[in-house]
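# Examining the three-dimensional arrangement
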Amino acid sequence: MPEDNTEKIRKILVLTIACLMSLSLLCCKQASDVANGPKKLRVVATIFPLFDFARAVGGDKADVSLLLPPGIEPHAFEPRPTDFRRIQDSDIFLFTGKFMEPWVAGLLKGIDAKSLSIVDTSKGIPLLEMVNHDGEEYPHPGSSGTPDPHIWLDFMDAARMIDTITAEFIAKDPGNGNLYARNSHEYKKKLEELDKKYQTGLSHCASKVIVHTGHFAFGYLARRYGLTYVSAYQGFSPDAEPTPRRLVEITRTVRKYGVKYIYYEELVAPKVADVIAKETGCSLLLLNAAHNVTSDEMQKGTTFISIMEKDLDNLKVGLQCR
């Protein structure tokens with residue numbers, strides 16, 4: 001083969017190999033980019049409603065995790081060392097407020113994260129406060145009692161919480177602001193529909209009295225739908241236990257109003273409910289405040305909306321609504 005042809009073939013081979021190597025590197029880089037994906041907002045939420053709101057708003061642009069381990073009742077929660085690291089590595093930390101999670105103040109003292117946004121989702125929402133009247137505690141706005149932190153159980157307050165979350169998402173990641181705003185709007189439409197279902201479903205009931213043997217949680221819901229709410233637990237202390245006197249008072253209330261069903265709370269053995277049921281002949285139903293879910297519920301895709309829909313079903317049964 002002539003010399004000039006040999007040189008031409010060599011140059012062609014070199015160029016071909018170089019092109020193949022460049023293409024290979026480009027493909028590797030694209031594969032790496034796909035594997036790593038674009039950076040997502042890292043969000044940690046203390047309780048399940050905040051977790052569900054945040055994942056709905058964030059969609060596939062946010063990596064949202066729940067601080068509470070599945071199945072753990074929030075009143076008994078104690079942060080672990082790994083929780084400090086998880087929050088420190090996040091972009092946004094969501095909590096309900098100092099009255100729901102009093103341990104947050106101590107937890108944040110151990111975290112050094114200048115870029116972390118700490119979001120109190122109760123901001124701008126007037127809290128109901130407990131006042132005592134004739135031996136019973138009732139929620140009232142603007143009194144001098146103990147604040148009730150369960151604001152997500154008024155669905156219009158839940159919408160305000162979502163607005164606060166959405167504003168922080170947009171501030172942290174303005175490039176996806178339209179997506180966050182759109183997701184927020186869609187979720188709040190679901191809350192409006194849920195509110196209408198409650199208004200309709202609880203408008204014609206034989207009873208208007210909810211007797212609940214769990215922690216005092218449903219004051220906001222009762223206020224919105226014109227119900228009377230009585231809890232075995234007076235006040236919001238996580239360490240409080242119903243006294244024998246309180247159990248007698250609850251039993252009297254059941255008989256006074258002809259209550260047929262009493263409600264117990266999620267993630268806690270219904271010991272108090274069992275005692276009252278045996279004494280009064282009432283049946284038991286779950287009334288779930290959605291503080292947290294079990295591992296099985298998390299895997300099944302349980303949402304705040306689905307929990308509240310089940311609560312409505314149980315309220316209609318217990319209050320004998322038609």
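Relevant structure appears above.
Just so it is clear, the structure is predicted and the values come from calculations on it, not from any experiment.

A few words now on the overall build of the protein chain. A tally of regular secondary structure across the protein chain gives eleven helices and eleven strands. When the 322 residues of the protein chain are sorted by exposure, 45% land in the buried category. Sequence-distant contacts in the protein chain: of pairs separated by 6 or more residues, those separated by 24 or more amount to 64%. With the model as given, the accessible surface of the protein chain reaches about 16,700 Å², and the carbon-plus-sulfur share is 55%.

This brings us to the packing of helix α2 (residues 48–58) against helix α6 (residues 177–201). The axes of two packed helices give the description: the angle between them and the distance between them. Their axes nearest at 7 Å, the elements α2 and α6 cross at an angle of 130°. The pairing of α2 with α6 is recorded here as oblique in orientation. Contacts between α2 and α6 involve D52, F53, A56, V57 and G58 on the former and, on the latter, L179, Y180, N183, S184 and Y187. Of the residues assigned to the contact of α2 with α6, the class counts are six nonpolar, three polar and one charged.

What follows is about the side chain of E265. Position of E265 among the secondary structure elements: in the loop between β10 (261–264) and α9 (271–280). In this structure E265 is buried but unpaired, with K271 as the nearest side chain of opposite charge at 11 Å. Among the polar contacts made by the side chain of E265, one reaches the side chain of H215 at a distance of 3.0 Å.

Criteria and thresholds
- Residues numbered from 1 in each chain as written.
- Predicted model: local features only at pLDDT ≥ 70, side-chain atom pairs only at ≥ 80, totals over all residues.
- Heavy atoms only, no water.
- Helix = DSSP H or I, 4+ residues; strand = E, 2+ residues; numbered from the N terminus.
- Buried < 20%, exposed > 50% of the residue type's maximum accessible area, 1.4 Å probe, protein only.
- Contact = heavy atoms within 4.5 Å.
- Areas by Shrake-Rupley, 256 points an atom, 1.4 Å probe, with all protein chains shown as cover.
- Axes fitted to C-alpha atoms, helices over the stretch in contact; angles between N-to-C directions.
- Parallel < 35°, antiparallel > 145°, perpendicular 65-115°, else oblique.
- Nonpolar A, V, L, I, M, F, W, Y, C, P; charged D, E, K, R; others polar.
- Lys, Arg positive; Asp, Glu negative; His and termini not counted.
- Salt bridge = Lys/Arg side-chain N within 4 Å of Asp/Glu carboxyl O.
- Polar contact = N/O pair within 3.5 Å; in protein donor to acceptor, adjacent residues only side chain to side chain.

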